[in-house]
Amino acid sequence: MARTKDDMEKMNDKAGPLLLPENGSDVSEETSWMVYLSTIIAVCGSYEFGTCVGYSAPTQFGIMEELNLSYSQFSVFGSILNVGAVLGAITSGKISDFIGRKGAMRLSSVISAIGWLIIYFAKGDVPLDFGRFLTGFGCGTLSFVVPVFIAEISPRKLRGALATLNQLFIVIGLASMFLIGAVVNWRTLALTGVAPCVVLFFGTWFIPESPRWLEMVGRHHDFEIALQKLRGPHTNIRREAEEIQEYLASLAHLPKATLWDLIDKKNIRFVIVGVGLMFFQQFVGINGVIFYAQQIFVSAGASPTLGSILYSIEQVVLTALGATLLIDRLGRRPLLMASAVGMLIGCLLIGNSFLLKAHGLALDIIPALAVSGVLVYIGSFSIGMGAIPWVIMSEIFPINMKGTAGGLVTVVNWLSSWLVSFTFNFLMIWSTHGTFYVYGGVCVLAIIFIAKLVPETKGRTLEEIQAMMM
């Protein structure tokens, strides 16, 4: 007697997740609500990252007044976040390889929550700085593991859009600190940072682990179950599962990657692209522009608080409408190129405003020129250079190198961020207009780098991307 399709599916359900009939729906065409839920849970870590970075600006005067801190003591509080983040980034790859992507997110959420509570109860600068250090360590780890986890669970046609949610929730976290910080005191604001940690910690118990990590550590049955949950109960995962297994099998005989392996000729392009994008993301001067934005809005006669809220909202809107909606339609390279060109224009507008001011020319248009330059620059950063380097970092590295190489790239990002912040005031003392012309020059180099070296990864599986890079 011929078996019906329903009979076949029942038999396959009993046999296991990989034995659906060959004419089942393809994973590239169908996805599961579990992918979206897993991504939303993961980007609570991105939101936490944003709250950590954005906390110090709206709380400066409240903390200094209540705890009687000097400017130098508060500077330590603000900058020690980067120290913790660098250490978190250094260990992030090893942690996520050892205890899994979900385990790394849980650990980071616990450490960050403890840091926020220490800040809340702080009575002096020492516990305040220690709490800030812990939140830095947590967000340094999250800055690596969240985009990697999203890339490893996403179908290729959704990977770009889902991965850019990482940056979207970072800027939402930043904006929330400005908005909430305008109406509550610094201790209450610290408590709001605990909320995403709680959601992330408990949420990870309801979502599957990265299938690629499970297969890498030899948990083959769990790999099949996790992949089926992520693709839907009626999706044929045979082809995707075999591609992942074959690729990981080809890497199985290779030793665990070390830092020396990263400079091997077969791996060096991965590293150059990842490190280069993170270098340019920071050295185009984003921290300098944001740090000086309030003064630019003051010079234009606008409220610095209102200005901060405006450009924070601009970041959220353009990241959502630009990168998230367009990345899988237009591709990574076109958005990166458009972003770098836009930032170049923004730098030139800001630099020209300072040059005109230095020479006492066209004084009536200087504020409008400066403000438009800031908005063009931040808007351009939001559609490409803000989100896409993290997306590409999560895509290009083979899984046996992801811990070591991804950790290195994340460290480069945080060190570059610190260096740009540290040198900005020195550059401004040297030349106000020259500072932004220097950043504009870096934008030109970024355009050349993207055009010559950065691959287009749209519409490819992670295994196809890595084969193309090699």
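Everything below is about the structure printed above this text.
Rules behind the numbers
Residues numbered from 1 in each chain as written. Predicted model: local features only at pLDDT ≥ 70, side-chain atom pairs only at ≥ 80, totals over all residues. Heavy atoms only, no water. Helix = DSSP H or I, 4+ residues; strand = E, 2+ residues; numbered from the N terminus. Buried < 20%, exposed > 50% of the residue type's maximum accessible area, 1.4 Å probe, protein only. Contact = heavy atoms within 4.5 Å. Areas by Shrake-Rupley, 256 points an atom, 1.4 Å probe, with all protein chains shown as cover. Salt bridge = Lys/Arg side-chain N within 4 Å of Asp/Glu carboxyl O. Polar contact = N/O pair within 3.5 Å; in protein donor to acceptor, adjacent residues only side chain to side chain. Patch = residues over 30% accessible without salt bridge, like charges linked within 9 Å, V, L, I, M, F, W, Y side chains within 5 Å. Core = buried A, V, L, I, M, F, W, Y, C linked by side-chain atoms within 4.5 Å. Domains from an automatic or database assignment. Expected span 1.5 Å × (residues − 1).

Undergrad: Residue-level account of the overall build of the chain, with values.
TA: The number of helices and strands found in the chain is 20 helices and two strands. By the burial criterion, 57% of the 470 residues in the chain qualify as buried. Long-range pairs, those at least 24 residues apart, make up 83% of the contacts in the chain with a sequence separation of at least 6. With an accessible surface of roughly 19300 Å², the chain has 69% of that area assigned to carbon and sulfur atoms.

Undergrad: Kindly report on the pattern of salt bridges, identifying the contributing residues and their values.
TA: All told, the structure shown has seven salt bridges when counted by the stated rule. Between Glu66 and Arg187 there is a salt bridge; the shortest N-O distance is 3.0 Å. You can see Glu66 sitting in helix H3 (residues 56-67) and its partner Arg187 sitting in helix H7 (residues 186-192), a full 121 residues away along the chain. Since its relative accessible area comes to 14%, Arg187 is described here as buried. Through salt bridges that share partners, Asp97, Arg101 and Glu152 make up one connected network.

Undergrad: A description of the environment of Val289 should follow, citing residues and the corresponding values.
TA: Inspection of the secondary structure assignment puts Val289 in helix H13 (residues 286-299). Taking the C-alpha atoms as reference, Val289 lies 9.2 Å from Phe424; in sequence the two are 135 residues apart. Sequence-distant contacts of Val289, that is, excluding residues within four places in its chain, are made with Ile350, Val374, Tyr377, Ile378 and Phe436.

Undergrad: Explain the environment of Ala195 to me, and be specific about the residues and the numbers.
TA: Along the chain, Ala195 falls in helix H8 (residues 194-203). The exposure class assigned to Ala195 is partly exposed, which follows from its relative accessible area of 44%. Separated by 82 residues in the primary sequence, Ala195 and Ala113 have C-alpha atoms spaced 8.3 Å apart.

Undergrad: An account of the side chain of Ser154 is requested, with residue identities and associated values reported.
TA: Assignment of secondary structure puts Ser154 in the loop between helix H5 (125-153) and helix H6 (156-181). Classification of Ser154 as buried rests on a relative accessible area of 4%. A polar contact of 2.5 Å, which involves the side chain of Ser154, links it to the backbone oxygen of Ile150. The residues touching Ser154, leaving out its near neighbours within four places in the chain, are Arg159, Leu162 and Arg231.

Undergrad: Break down a nonpolar patch on the surface for me, citing the residues and quoting the values.
TA: Taken together, the side chains of Ile313, Val317, Leu321, Leu325, Leu326 and Leu330 present a nonpolar region at the surface, about 490 Å² in accessible area. Checked against the element boundaries, Leu330 lands in helix H14 (residues 304-330). What makes Leu330 partly exposed here is its relative accessible area of 47%.

Undergrad: Can you tell me about the nonpolar core, naming the residues and giving the values?
TA: By size, the foremost hydrophobic cluster in this structure holds 82 residues, and its most contacted members are Met105, Leu336, Tyr377, Ile392, Met393, Phe436 and Val454. Shared between two domains, this core holds at least three residues of each, these being domain 1 (32-207) and domain 2 (255-469). Core analysis: the next-biggest nonpolar cluster, separate from the first, contains 29 residues, Phe49, Cys52, Leu81 and Met177 among them.

Undergrad: Requested: an account of H3, with residues and values cited.
TA: With 12 residues, H3 should cover 16 Å at 1.5 Å per step; its first-to-last C-alpha distance of 14 Å lies more than 12% under that length. Its buried side turned inward, H3 meets helix H2 (33-54), helix H4 (71-121), H5 and H7. Just downstream of H3 lies Asn68, where phi reads positive at about 55 degrees.

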